[in-house]
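# Structural overview for review
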Amino acid sequence: MIISVASGKGGTGKTTVSVALAQSLGYCNFYDFDVEAPNSDIFLKPDINHYQKVYVKYPYFIKKEGVSFKACSDFCHFNAIASIGEDYIFFEELCHGCGGCILVGPEGYVREKDVEVGEISKGFKSPGIYFFMGNLKPKSMRTSNIQGDLEKMLDRSQTVIIDSPPGNSCNMVNAVKNCDYCILVTETTLYGLSDLKISIDILKNLDKKFGIIINRDGIGNKELEDFCRQNSYKILLKIPNDINIAKTYSKGGSLLEWDPKMKDKFLGIIDVIKEEVGR
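The present account deals with the structure reproduced in this document. (Residues numbered from 1 in each chain as written. Predicted model: local features only at pLDDT ≥ 70, side-chain atom pairs only at ≥ 80, totals over all residues. Heavy atoms only, no water.)

### Concerning the overall build of the chain
When its secondary structure is counted, the chain shows 11 helices and 11 strands. In terms of overall dimensions, the chain has C-alpha extents of about 75 × 45 × 35 Å along its principal axes. Put simply, the chain has 279 residues, and 48% of those count as buried. Pairs at least 24 apart in sequence give 72% of the contacts found in the chain among residues at least 6 apart. Total accessible area computed for the chain in this model is approximately 13900 Å², and 50% of it derives from carbon and sulfur atoms. Across the chain, the 34 positively charged side chains and the 36 negatively charged ones have centroids separated by 3 Å. (Helix = DSSP H or I, 4+ residues; strand = E, 2+ residues; numbered from the N terminus. Buried < 20%, exposed > 50% of the residue type's maximum accessible area, 1.4 Å probe, protein only. Contact = heavy atoms within 4.5 Å. Areas by Shrake-Rupley, 256 points an atom, 1.4 Å probe, with all protein chains shown as cover. Lys, Arg positive; Asp, Glu negative; His and termini not counted. Charge placed at Lys NZ, Arg CZ, Asp CG, Glu CD.)

Right under this line is the structure:
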C-alpha cells in the first residue's frame, strides 16, 4: 500500500505528518520525493548506508567546417540548442536528454555524455523503516529524473510513505500518481484553502482517494472546514497551533516526541486508509 503525503503549498507540515506516520508504523518504506529541498532525514535520523548517483545523457557536439546542427535545433522543442550556419549554442540547463540530437544530427558529430544531476540516499531507521531520499544537485533542473529513479525502487508489497514536494506542479503529480491514498496537509488560511482546492482537483483527475489533515488548527477561520463539510471531504486529524510543536520541530524532533499519544492518532489514520482502499 502506498500513501502519499502532499500539500498545495509549502510550509504546511507535510514532512511533519510523513515522519509521524512512519514513526507510528515503525515498519515501512519511506521515500522523500521532495528532491529540491529534502529534509526528512533530519527528523527520521536514519543511518545512511548507500549513495547512488543519478545521471542523464546530454549531447555534445563536434564542430567541423561544413557541419551544421540545424536539424538538432529544429527538432528540439525545448530550445536547448540554437544553430546559425555552422555555429551553435547549447543550453545544457534546457536539455531534457531525449536523445533526439543523436537521431537527427549529422552522423558522427553528435555524441552523448553522462551528466550527474543528483543522488539517492538509502538508509535504515530502527525498528524497521527503510529510507530513500532524492537530492537534486545544485543548479540542476532534472527533478523528474531523480523522482523517476526513486519510483523504480517503490515496493507495493510493503507499506510505503511518500513525502511529496510542495505545490501542485508536475513534481507533485510524480509523487502521488502511484499512491493508493493521498493525505493532503493544509492550514486554515485563504492560501491554504485555495491551494487545497487545486490539489483536490488533481487527485480527482488521477482518480485517487484522499483525506485531509489540518495543521496549526485555529490560526484562521472556519472557511476551510466548511468547504470540507459541504463537499463531504474527510478530515483525518487536526494538529493544534502549539508553539511547543514548533520548538520540538526546530530541534529536529517529531510530533511523537512532542506528544507520544499522537502515535495512536496516526495509527487510527492508517486504519481509516486501509478501510478506504480495501486493505
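### Some details on helix α11 (residues 262-277)
The first and last C-alpha atoms of α11 sit 23 Å apart over 16 residues, in line with the 22 Å expected at 1.5 Å per residue. Looking at the buried side of α11, the elements it contacts are β1 (2-6), α1 (14-25), β9 (181-186), β10 (209-217), β11 (235-240) and α10 (255-258). Just past α11, the residue G278 takes up positive phi, approximately 75 degrees. (Expected span 1.5 Å × (residues − 1).)

### Structural notes on unusual backbone geometry
Of note, the amide linkage connecting S126 to P127 takes the cis form, showing an omega dihedral of 10 degrees. You can see P127 is positioned in the loop between β6 (110-125) and β7 (128-136). Positive phi outside glycine occurs at K139, with the angle close to 80 degrees. As for its placement among the helices and strands, K139 is situated in the loop between β7 and α5 (143-152).

### Focus on the layout of surface pockets
By volume, the largest pocket is sized at about 370 Å³. Lining the largest pocket are 21 residues, and of these G11, G13, T16, R216 and Y249 sit closest to its centre. Elements represented by at least two residues in the lining of the largest pocket include exactly α1, β10, β11 and α9 (243-250). Of the residues assigned to the lining of the largest pocket, the class counts are 8 nonpolar, 9 polar and 4 charged. Approximately 180 Å³ is the volume found for the second largest pocket. The wall of the second largest pocket is formed by 19 residues, among which C76, C95, C98, G100 and C101 lie closest to the centre. Listed by contribution, the elements that provide at least two residues to the lining of the second largest pocket are α3 (70-75) and α4 (100-104). Per-element tally for the lining of the second largest pocket: the top contributor is α4, with 3 residues. (1 Å grid on protein atoms, 1.4 Å probe; cavity = no way out; pocket = protein on both sides within 12 Å on 5 of 7 lines; lining within 4 Å. Points joined across faces, edges and corners; volume = space filled by probe spheres on them. Nonpolar A, V, L, I, M, F, W, Y, C, P; charged D, E, K, R; others polar.)

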